[in-house]
Amino acid sequence: MHFVAQVPQQGAQWASELDEFAVAFYERAIGRGEFDPLRIAEELGGPPRYAEHAVGVLRELRLVKPAESRADRLVAVSPEAAQMELLVPLEREILDSRHRLAGFKGQLSAFAAAFERQSRTRSEPVVITGDQDEIELRLLEAAQSCTTEVLVMQPCVARETLELRLARPLVLEALRRGAHGRILYPHTARGDSGTRAHLGELLPAGGQVRTTKEVSDRFLVFDRKTAFIPSGEDGEIAVVYESTVAAFLAGLHARIWESAVDFDSGAAGYAGTMEELKATLLSLLASGAKDEVIARRVGMSERTLRRHVATIMQDLSASSRFQAGVLAARTGLVDLALRSAA
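None of these values were measured; they are calculated from a predicted model.

J.: Help me understand the environment of Tyr50, please; the structure alone is not making it clear to me.
T.: Along the polypeptide, Tyr50 turns up in helix α3 (residues 48–60). Here Tyr50 falls in the buried class, since its relative accessible area comes to 0%. C-alpha separation for the pair Tyr50 and Phe21, spaced 29 residues apart in sequence, amounts to 7.4 Å.

The structure is reproduced here in structure tokens:
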């Protein structure tokens, strides 16, 4: 076969002719040992650029390799040897990829089973669980699907429970996605450094925060569809997939929100809410409520409560906490009607 030196004008025809030239070039190179590419191109009647193209194709296919004696000489390699060098690594890579694929499928099947279990129980209107993984999974689902509103009522960060701690970053992310958030804390949150640090993240994300004299209990409501409320004293949580219950909690939240006080991150300390907190403590003392009950309702530790009570008793010259409550009621510091609130 003889190739003319004239370069074809049509690209497709030229490419075809170059491929034919590369095959002819390889045929001439076989059995020669070391060879000069330009000499073979000359024998085939092709220009140097044809030789350059042929060598490039053959190198890519591992059908030629540099000669050991001279850098400008090449040696032809058998297709079997080229296949071992070129295809075996690719086949090994494909095999490794298949193993990785099988591994991923195995891992995903475990998660798929978990999702299926969760989907089955999702049809239940109420799920009660104390399992941390399940609580976290259900919080994640509710928060990620939340698009309009998050309602939270909770104690200070220092006293927050498992689900509230797990929900904290999820609520923050929902707010950053554009959900409207209203978060209620007790007035004592204003004096809690951990809570104030958390509020420093909530407010820039678009959350609204108010504090109130009492936190009746803790709960979270997402889009008025899913609610998380405490269930018993053993740390279990009731996840309620019932819009009626969620709407009731939203209404309760709204009523408390109306009388709550806006939290201003720039204001120091209790920011004018101390007198209201003091009146609440006096009312609960007058009712005879135990320290544990009072501390839970106002959102402070029993130790902190005892410090406040000691100060109140000193101010009223009372010899007992009950007497402090009664004296406060008699002097009009608190409303007698509030005594039944405990």
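Still more to cover.
J.: Sorry, what's going on with the confidence of the model for the chain here?
T.: In low-pLDDT regions, the fine details of the predicted coordinates are not to be read closely. Residues at a pLDDT of 70 or more form 83% of the chain, whose mean pLDDT is 79. A low-confidence stretch, residues 1–10 stays under pLDDT 50, and its non-local contacts, those more than four residues away or across chains, total 26 contacts. Note on residues 336–342: pLDDT is under 50 here. Beyond four places in sequence and across chains, it has ten contacts.

J.: So what exactly am I meant to see when it comes to the packing of aromatic side chains here?
T.: Describing an aromatic ring pair means giving the distance of the ring centres and the angle of the ring planes. Enumeration according to the criterion identifies four aromatic pairs in this entry. Ring centres of Phe21 and Tyr50 lie 5.2 Å apart, and the angle between their planes is 80°; on these two criteria the pair is classed as edge-to-face. Here Phe21, found in helix α1 (residues 11–29), pairs with Tyr50, found in helix α3; they are 29 residues apart in sequence, far enough to count as distant. Residue Phe21 is classed as buried on the basis of its relative accessible area of 0%. Pairwise contacts between aromatic rings join Phe21, Phe25, Phe35 and Tyr50 into one cluster. Taking the ring centre of Trp257 as reference, the NZ or CZ of Arg182 above it sits at 5.5 Å.

J.: It is not clear to me how the sheet that holds strand β8 (residues 219–222) should be interpreted in this structure. Could you clarify?
T.: Hydrogen bonds along the backbone pair up the strands of a sheet, which may run parallel or antiparallel. With mixed pairing, the eight strands of this open sheet are ordered in space as β4-β10-β9-β8-β5-β6-β7-β11. A single partner strand is all that each edge strand has here, and the edge strands are β4 (126–129) and β11 (261–262). For strand β5 (residues 149–153) and β8, the ladder comprises four bridges, and the chain directions are antiparallel. Pairing of Met153 across the sheet is with Phe219, part of β8.

J.: Would you mind showing me how to read the side chain of Asp223 here?
T.: Counting through the fold element by element, Asp223 comes out in the loop between β8 and β9 (226–230). One buried charged residue, Asp223, remains without a salt bridge, the closest side chain of opposite sign being Lys225 at 5.1 Å. There is a polar contact of 2.9 Å between the side chain of Asp223 and the backbone nitrogen of Thr147. Polar side-chain contacts of Asp223 include one of 2.4 Å to the side chain of Thr148. Discounting residues that sit within four places of it in the chain, Asp223 has contacts with Ser145, Cys146, Thr147, Thr148 and Glu149.

Calculation rules
Residues numbered from 1 in each chain as written. Predicted model: local features only at pLDDT ≥ 70, side-chain atom pairs only at ≥ 80, totals over all residues. Heavy atoms only, no water. Helix = DSSP H or I, 4+ residues; strand = E, 2+ residues; numbered from the N terminus. Buried < 20%, exposed > 50% of the residue type's maximum accessible area, 1.4 Å probe, protein only. pLDDT = per-residue confidence, 0-100. Contact = heavy atoms within 4.5 Å. Phe/Tyr/Trp six-rings, centres within 6.5 Å; stacked < 30°, edge-to-face > 60°. Lys NZ or Arg CZ within 6 Å of the ring centre and 35° of its normal. Pairing = 2+ DSSP bridges. Lys, Arg positive; Asp, Glu negative; His and termini not counted. Salt bridge = Lys/Arg side-chain N within 4 Å of Asp/Glu carboxyl O. Polar contact = N/O pair within 3.5 Å; in protein donor to acceptor, adjacent residues only side chain to side chain.

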